[in-house]
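# Coordinate analysis (summary)
Each chain is listed here by its residues.
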Amino acid sequence: IEDISGIDTGDAILASAKEGKGIAEILEALVQKIPPPKGDPLGLLQGLIFDSWYDSYQGVIILVRIFEGTVKKGDKIRLMATGASYEVNKVGAFTPHPVELPSLGAGEVGFVIAGIKVVGDAKVGDTLTHLHAPARQALPGYQVVKPMVFSGLYPIDSGEYDALRDALEKLRLNDAAFSFEPENSLALGFGFRCGFLGMLHMEIIQERLEREFHVDLITTAPTVVYKVTTVKGELLHVESANMLPEVQFISKIEEPFVLASIHVPNEFVGAVLGLCIEKRGIQRELRYLTAHRVMVIYELPLNEIVLDFFDRLKSITRGYASLDYEHLDFRPSRLVRLNVLINGEVVDALSLIVHHDKAQFRGRELV
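Overview of the structure.

About the thresholds
- Residues numbered from 1 in each chain as written.
- Predicted model: local features only at pLDDT ≥ 70, side-chain atom pairs only at ≥ 80, totals over all residues.
- Heavy atoms only, no water.
- Phe/Tyr/Trp six-rings, centres within 6.5 Å; stacked < 30°, edge-to-face > 60°.
- Helix = DSSP H or I, 4+ residues; strand = E, 2+ residues; numbered from the N terminus.
- Lys NZ or Arg CZ within 6 Å of the ring centre and 35° of its normal.
- Pairing = 2+ DSSP bridges.
- 1 Å grid on protein atoms, 1.4 Å probe; cavity = no way out; pocket = protein on both sides within 12 Å on 5 of 7 lines; lining within 4 Å.
- Points joined across faces, edges and corners; volume = space filled by probe spheres on them.
- Nonpolar A, V, L, I, M, F, W, Y, C, P; charged D, E, K, R; others polar.
- Axes fitted to C-alpha atoms, helices over the stretch in contact; angles between N-to-C directions.
- Buried < 20%, exposed > 50% of the residue type's maximum accessible area, 1.4 Å probe, protein only.
- Polar contact = N/O pair within 3.5 Å; in protein donor to acceptor, adjacent residues only side chain to side chain.

Let's shift gears to the packing of aromatic side chains. All chains considered together, the criterion is met by eight aromatic pairs. A centroid spacing of 6.4 Å and a plane angle of 15 degrees characterise the contact between F268 and Y320, whose relative ring orientation is stacked. Remark: Y320 occurs in the loop between α6 (302-316) and β21 (322-332) and F268 occurs in the loop between β18 (250-265) and α5 (269-278); sequence separation between them is 52 residues. An aromatic cluster of at least three residues, connected via ring pairs, comprises Y161, F178, F180, F190, F192 and F196. Here the guanidinium or amino end of K227 rests over the ring plane of F330, the centre of that ring lying 4.5 Å away.

Attention shifts here to the pairing of strand β17 (residues 235-238). In terms of strand pairing, strand β16 (residues 226-230) meets β17 through four bridges, oriented antiparallel. Residue K227 lies in a different strand from β17, and its bridge partner there is H237.

A cis amide bond links T95 to the next residue, P96, at an omega of 5 degrees. For R280, which is not glycine, the phi torsion reads 65 degrees and is therefore positive. For R280, the location among the structural elements is in the loop between α5 and β19 (282-288). Phi at N343 is positive, roughly 55 degrees, even though this residue is not glycine. Summarising the element assignment, N343 is placed in the loop between β23 (341-342) and β24 (345-346).

On to empty space enclosed by the protein, then. To find leftover empty space, a probe the size of one water molecule is rolled over the atoms. This structure, assessed with the given rule, holds one cavity of 30 Å³ or more. Of the voids in this model, the largest cavity is the one considered here, and its volume is about 40 Å³. Lining the largest cavity, in full, are P222, T223, N303, L307, L352, I353, V354 and R362. Within the residue set of the lining of the largest cavity, elements represented by two or more residues are α6 and β25 (352-355). Element by element, the count of residues in the lining of the largest cavity is highest for β25, at three residues. Broken down by class, the residue content of the lining of the largest cavity amounts to five nonpolar, two polar and one charged.

The antiparallel open sheet is built from eight strands, whose spatial order is β5-β4-β10-β1-β2-β9-β6-β7. With partners counted over all chains shown, the strands left at the sheet margins are β5 (85-87) and β7 (98-100), one partner each. Here the strands of the sheet are splayed against their neighbours by 40 degrees on average, with no regard to which way each runs. Sheet analysis places strand β4 (residues 76-79) next to β5, joined by three bridges and oriented antiparallel. By the bridge assignment, R78 is partnered in β5 with S85.

Time to look at the side chain of Q46. Secondary-structure assignment places Q46 in strand β1 (residues 46-55). Classification of Q46 by relative accessible area gives buried; the value is 14%. There is a polar contact of 2.8 Å between the side chain of Q46 and the backbone oxygen of Q137.

By themselves, these figures tell us nothing about what the structure is for.
Structure follows, in structure tokens:
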């Protein structure tokens, strides 16, 4: 009841509950006050994919909400973002256990199984429609998921390289946002360059590799994607310091910025502001939510967040702060490549892209 108190009809239902009315009256109020889903079951099929996972026996299971039309077993469907077509093997709903149904119509939520082999083919946000009578347009809002944080994963024992590759392939079956490609380092040997949505995503993947697949890993410092414009006008997407061209060939480097929202008790606001300034942040807003709780909103370079920002934030606020961020844009910055030399030779695994003003300090800390 409390969860729906935010909608227009929720207060009336909540009042009914507080007056001691029975469950039957509350459920009747839900039926009367909350409008049914819109959509025409006879229209052209439009189904929003909001989740998917891989099943060893049935292939990819898609969770959909049907906005228009009806889908049933035997229908030929097409996924509008990829253009791939399939034949529906089964439709149903979770109640909470999976129950097969004759069809799913407009306004209904359920699962569709169509023999899809790879989770990446059933992208979250994509629109499902009929192959021979497709919808005129896809549902709005779909965007291709792009990794924002990159890190190198190397097995401690070089003999576990094949085991690590198999583990990464199994993880990607259930996680379309995760990407990896082989990488070779003179210092660390053979490994993989992996892309993640963010720091939490990276930590989850690392934990699963070590716990579920029993692979001991060496992880390089996380980096982000930079946009590099060369003197010839070419635009490069650089994921690691080793891909960065020599300085004489670079016209400008742009780094990603995020909008960070930090919720913190008011006694720690000063320390949080100091940390954000140290991380090259730009203050956008300082809002007092209650007498004791403050929301600090800063524009921050993503490069500064992926290293030690969250750990230091928790440390200076004794664990009370919470952080959320979303991608803003790319902005030109004075960035350089930091190299570490051993016996006069560059160690590629230790190279970093850092801001010019912090290169000296970051290098000394690293060494």
